[in-house]
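Given next are the chains, with one letter for each unit.
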Amino acid sequence: VHNNPVVTLLDYGAGNVRSVRNAIRSLGFDIKDVQSPKDILNAERLIFPGVGAFAAAMDVLTQKGMAEALCTYIKNDRPFLGICLGLQLLFESSEENGPVNGLGLIPGVVGRFDSSNGLRVPHIGWNALQLMKNSEILNTIRNNHVYFVHSYRAMPSDDNKDWVSSTCNYGDNFIASVRRGNVHAVQFHPEKSGGTMLLFLADLYVDIICINLLITLTMNETDAGLSVLRRFLYPKSFSTKVLEVGNASKLAKRVIACLDVRTNDEGDLVVTKGDQYDVRENTKENEVRNLGKPVDLAGKYYRDGADEISFLNITGFRDFPLGDLPMLQVLRYTSERVFVPLTVGGGIRDFTDGSGRYYSSLEVASEYFRSGADKVSIGSDAVYAAEEYIRSGVKTGKSSIEQISRVYGNQAVVVSIDPRRVFLKNPDDVDFKTVRVSNPGPNGEEYAWYQCTVNGGREDRQIGAYELAKAVEELGAGEIMLNCIDCDGQGKGFEIDLIRLISDAVNIPVIASSGAGKVEHFSEVFKKTNASAALAAGIFHREELGIGSVKKHLSNEGIEVRLTPY
Ligand code: 1PR
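A quick note: this is a predicted structure, and the numbers were derived from the prediction, not measured. (Residues numbered from 1 in each chain as written. Predicted model: local features only at pLDDT ≥ 70, side-chain atom pairs only at ≥ 80, totals over all residues. Heavy atoms only, no water.)

### Points about the overall build of the chain
- Helix and strand counts for the chain come out as 17 helices and 29 strands.
- Along the first, second and third principal axes, the C-alpha set of the chain runs to 75 × 55 × 50 Å.
- Considering only contacts within the chain whose residues lie at least 6 apart along the sequence, 70% involve residues at least 24 apart.
- Charged side chains of the chain number 61 positive and 71 negative; the gap between the two group centres comes to 3 Å. (Helix = DSSP H or I, 4+ residues; strand = E, 2+ residues; numbered from the N terminus. Contact = heavy atoms within 4.5 Å. Lys, Arg positive; Asp, Glu negative; His and termini not counted. Charge placed at Lys NZ, Arg CZ, Asp CG, Glu CD.)

Structure (C-alpha cells):
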C-alpha cells in the first residue's frame, strides 16, 4: 500500500474550486490546502485556480502574506500551475474594477475584451489554441478545443514574449497560456475541458519513481483538458514530443444536453421530459415520464461529447431547493465524473423556510456552486427582477441576478427564459417587441410576440422575451438559455424567429433551446441566428440522435465544433 502523491492547492475561499479538486483527485493525487505562506514555500507542486474578481483576490493574497510567498516560489522556478485568474494575477495590473496591481511577475496589463464591435462578452466556450513554443503541458493539445470563461484577458507584447506559450483568437489574439521553466499558467480551464479519467496512473507514478522506468504515456493522451493537468502533475512520465502547432480557431458552437429533473410520484429523482412542458404520461395513471437516472445520463452525455450539461430542477419553483438533498447529491456525483461545465437551475430565489429561517438567493446559489455547479440558471425570479427593473428604472443590487453575479461573476449567471408565442394580426396590438414570423399563425397572423412565463410555464406575465433579455443583461446575467414552450418536445426544429430576435438584441451568449428533432435543426439554428450554443433534451434521452452525430454533421457543414477524440 502506498500513499498518493500530493499537490498543494491555493484556494483562498473566493469561489468554487470543487471541479479542480475533483480533476486532481481523478488523476490520483491527494490535495494539501495552503493555510499559510509557509505552505506555499514548502510546496512540491502548487496549483492556483484563481476565482472571483482580480482586486478581491489580490487583497486576500496580500493580507495573508501569500502574495510575497507566491512571488518567491515562482521566482525560484518551483512547479506552478495558475488557472484563469491564476494566470491574470501574474501580470503587472488589471483593469477589472481598477487599475489594480497584480503580482508583477509578467509585463503587461489585463484588460477587458472590447465588445464595441458586437463581440459577445464574457468569452464563454471552446476554442483551439495557437501554440507559440514548447510548453510541455500543452504538447498534446494539438487542435483540440479547450474551455474558456472570462471577460478580461492579457495581450502578447514584445515585453512578455519570453513567457507566452500560446494565444487564442477571440476578438483579438490574447494570451491563452504562459510558461517559463517550471512555471505554467493557463487562461482556460483544464478541469472543464474534457478528458478521460485514468485512476490507475497513481500506481504507475509510484512505479516510475521506484524503479526509474521510462514509460511513455502519450497513448492515453487523447483528451485536451485533463492531459494538461496530468502533464503538470506527472512531468517526468512523458516523453518530450516534438511540438505540434495547433491552428487558431473560431469560438466553437456548443452542443448542450439538458436534463429536466424532478421527483416522481414514487419519490425517486428522475430525468423527465415534457411535451410543451407537460411531463406527465398520457395514461390513466398520468405518471411523471421517467427517462433515466440523472447521474448516469449526465455521464453518458459527457462521454458522447456534450460541451456542457444542464440540470433543471423543474419543480424548484414550489419546493425549497436546499431541501432537495438528492438534487445536491446528483450534482456532487456528477462533478466527480464529468469534466465539462455543469449548469443547474430551478428555485433560485430568496426563501423563508417553515421555521422562519431566511435564505437569500445568493445562499441558495452558493450551495449549488459548492455542490459542483459552474453556473446557475434563474427562471421565474429573473422575470420578477426584470419587471421591477423596467418599472422602476433602478438597479437595487438586491435581485438574485445582481447578488450572484457580483460574487461569482456574470459568467456564472444564466437566465432561463420560458416564452410562449402569441400570434398577432397587427404588430401595434401590443407594447412589446414583435417579429414578422416566418410561418403565419393559424388565422394567417403574420406577427408574433413572445410572452414570458413563470413557474414552469404555468403563469403568463406581461413582459416579452426581448424586453426580459435586455433587462437581465443590464442586471448582470452572463448568458441566456432561450426555451420556447410551443416547440418544447415537438422535434420540429428551433424557433428561429425568436432566437434570431434575442441573439441579435443582446451582447451575451444565447443558448437556443426547444424543438431539436434532427441534425439539420442544429445547423439551421447556427446558420440563421447568432446563437452561441444549441441545447436539446428529448432526442438525446430517447436515443434518437447521438451528440457525436450532431457534432459530425455541424463539422461537415463547416460549423466549428469541438470534436472529442474519446
Ligand atoms: O423558475 O427558476 O424555478 O426555474 C425552473 C426551470 O425549470 C426553468 O429553467 C424552466 O425552463 C424549467 N422548467 C420548468 N418546468 C418545466 C417543464 O418542462 N415542465 N423545463 C421546465 C423546461 C425546457 C428545456 C428543455 C428544452 C429542450 N424544459 O429545458 O430541455 O425545451 O427540450 P427538447 O429538446 O426535448 O425540445 P425557476
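### Overview of the state of the cysteines
- Taken as a whole and judged by the stated rule, the model has 0 disulfides.
- The closest cysteine sulfur to the non-disulfide-bonded C258 is located on C484, 15 Å from its own sulfur.
- Here C258 falls in the buried class, since its relative accessible area comes to 3%.
- With no disulfide of its own, C484 lies 3.9 Å from the sulfur of C487, the closest cysteine sulfur. (Disulfide = S-S within 2.5 Å. Buried < 20%, exposed > 50% of the residue type's maximum accessible area, 1.4 Å probe, protein only.)

### Concerning the environment of A69
- By the element assignment, A69 lies in helix α4 (residues 66-75).
- A relative accessible area of 5% means that A69 is categorised as buried.
- With 28 residues separating them along the chain, A69 and L41 place their C-alpha atoms 6.2 Å apart.
- With sequence-adjacent residues up to four places away left out, A69 is seen in contact with P37, I40 and L41.

### Remarks on α4
- Summarising burial for α4: 7 of the 10 residues are buried, a large majority.
- Of all the residues in α4, the buried ones are M66, A67, A69, L70, C71, Y73 and I74.
- For α4, the secondary structure elements touched by its buried residues are α2 (37-41), β3 (46-50), α3 (54-63), β4 (80-84) and β14 (183-186).
- Within two residues after α4, D77 carries a phi angle of roughly 60 degrees, on the positive side.

### Things to note about a negative patch on the surface
- Taken together, the side chains of E266, D268, E285 and E287 define an acidic patch exposed on the protein surface.
- Inspection of the secondary structure puts E287 in the loop between β16 (269-272) and α8 (294-304). (Patch = residues over 30% accessible without salt bridge, like charges linked within 9 Å, V, L, I, M, F, W, Y side chains within 5 Å. Areas by Shrake-Rupley, 256 points an atom, 1.4 Å probe, with all protein chains shown as cover. Salt bridge = Lys/Arg side-chain N within 4 Å of Asp/Glu carboxyl O.)

### With respect to the sheet that holds strand β7 (residues 106-112)
- Across the sheet, which stays open at both edges, the 4 strands sit in the order β6-β5-β7-β11 with mixed pairing between neighbours. Bordering the open sheet on either side are β6 (100-101) and β11 (152-154), each of which pairs with just one other strand.
- As judged from the 2 bridges shared by strand β5 (residues 91-94) and β6, these two strands associate in the antiparallel manner. If you follow S94 over to β6, its bridge partner there is V100. (Pairing = 2+ DSSP bridges.)

### Description of the side chain of E495
- Summarising the element assignment, E495 is placed in the loop between β27 (479-482) and α14 (496-505).
- A relative accessible area of 10% places E495 in the buried class.
- Ignoring any residue separated from it by four or fewer positions in sequence, one finds E495 in contact with R421, Y450, C484, C487 and S514.

Worth remembering: the numbers are spatial, not functional.
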